[in-house]
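# What the coordinates show
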Amino acid sequence: SQKIEQNSEALNIQEGKTATLTCNYTNYSPAYLQWYRQDPGRGPVFLLLIRENEKEKRKERLKVTFDTTLKQSLFHITASQPADSATYLCALGGPLGSARQLTFGSGTQLTVLP
Amino acid sequence: DAEITQSPRHKITETGRQVTLACHQTWNHNNMFWYRQDLGHGLRLIHYSYGVHDTNKGEVSDGYSVSRSNTEDLPLTLESAASSQTSVYFCASRRTGTDTQYFGPGTRLTVL
């Protein structure tokens, strides 16, 4: 069955450092992968999308890589700030031609320490 | 501003009761989704709809139903609430032809 794993449930880093979150998947051939941010008591908010034919995407301090051979995505936040503290979810989108549903990982809770 | 809202935000009910959670979006998106979020499981898809009068079962649809009578609303009904349905429920919508989903604020449901 399809499986998505996000590295450690919780990650603590020092302000100013780069946070790296991992999303691994098995038994899946996604057409794209998304990263969402979720704050306590709120719904997820879309951050970035990367397609299967793309290696890297950037948006301000965020960078996402997608390696379909390793079946892995890395999500980086550079120059991290306490305001970046949140849970980050990766989500895989179905192969082309399938219904455009998302399958979510369980998330990594990031805490940026001042 | 366009938005997606859910009501109620919190609900406590008893086992066996019927419960309906509301979801309303003003983006005019054709595609709407219901998820539940539990510790250790992430978001799991319950039902989804690609337009008026269209509904489809997701990964964890047993015990839930939806109906889509207009573009803006997709209510989720628990026919006979069970303690296993205690969870946080999120509604989401997506514009046709795009891949980004927009989520509501969630409803925390407790079944006693």
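Rules used in this analysis
- Residues numbered from 1 in each chain as written.
- Chains lettered and ligands numbered in written order.
- Predicted model: local features only at pLDDT ≥ 70, side-chain atom pairs only at ≥ 80, totals over all residues.
- Heavy atoms only, no water.
- Contact = heavy atoms within 4.5 Å.
- Buried area = accessible area lost by both parts, 1.4 Å probe.
- Salt bridge = Lys/Arg side-chain N within 4 Å of Asp/Glu carboxyl O.
- Polar contact = N/O pair within 3.5 Å; in protein donor to acceptor, adjacent residues only side chain to side chain.
- Helix = DSSP H or I, 4+ residues; strand = E, 2+ residues; numbered from the N terminus.
- Buried < 20%, exposed > 50% of the residue type's maximum accessible area, 1.4 Å probe, protein only.
- Phe/Tyr/Trp six-rings, centres within 6.5 Å; stacked < 30°, edge-to-face > 60°.
- Pairing = 2+ DSSP bridges.
- Axes fitted to C-alpha atoms, helices over the stretch in contact; angles between N-to-C directions.
- Disulfide = S-S within 2.5 Å.

## With respect to the interface of chain A and chain B
Listed by partner, the interface residues are 19 residues for chain A and 21 residues for chain B. The junction of chain A with chain B conceals about 1500 Å² of combined surface from both sides, 49% of it contributed by carbon and sulfur atoms. Our count for the chain A to chain B interface comes out at one salt bridge. In this structure, B:D99 engages A:R51 in a salt bridge whose closest nitrogen and oxygen atoms are separated by 2.9 Å. Connecting chain A to chain B are seven residue pairs in polar contact (both at pLDDT 80 or more). With four residues, the top contributor of residues to the side of chain A that touches chain B is strand β4 (residues 32-38) of chain A.

## Notes on the environment of B:Q37
Relative to the elements of secondary structure, B:Q37 occurs in strand β4 (residues 31-38). For B:Q37, a relative accessible area of 19% puts it in the buried group. Measuring from C-alpha to C-alpha, the distance between B:Q37 and B:T96 comes to 24 Å, with 59 residues separating the pair along the chain. Once residues lying within four places of it in the same chain are set aside, the contact partners of B:Q37 are A:Q38, A:L89, B:G42, B:L43, B:S87, B:V88 and B:F90. Here A:Q38 takes part through its side chain, which lies 2.9 Å from a polar atom of the side chain of B:Q37.

## Structural notes on the packing of aromatic side chains
Residue and element names in this part refer to chain B. Going through the model one piece at a time under the given rule, you end up with 14 aromatic pairs over all chains. Centre to centre, the rings of Y48 and Y50 are 5.2 Å apart; their planes meet at 55°, and the pair counts as tilted. By relative accessible area, which is 9% here, Y48 ends up buried. Relative accessible area serves as the criterion here: at 28%, Y50 is assigned to the partly exposed category.

## Focus on the sheet that holds strand β8 (residues 76-78) of chain B
Residues and elements named next belong to chain B. Taken in spatial order, the four strands make up an open sheet running β1-β3-β8-β7, and their pairing is antiparallel. With one partner strand each, in any of the chains shown, β1 (4-7) and β7 (64-66) form the two edges of the open sheet. Strand-to-strand twist in this sheet, taken as the mean axis angle between neighbours without regard to direction, amounts to 20°. Sheet topology places β7 next to β8; three bridges connect them, and they run antiparallel.

## A short note on the state of the cysteines
Tallying each qualifying case throughout the model produces two disulfides over all chains. Note that A:C23 is cross-linked by a disulfide to A:C90, the S-S spacing being 2.0 Å. Looking along the S-S bond of the A:C23-A:C90 disulfide, the torsion reads about 60°, which is the right-handed sense. Note that A:C23 is positioned in strand β3 (residues 19-26) and A:C90 in strand β9 (residues 86-93), a separation of 67 residues in sequence. The residue that forms a disulfide with B:C23 is B:C91, at a sulfur-sulfur distance of 1.8 Å.

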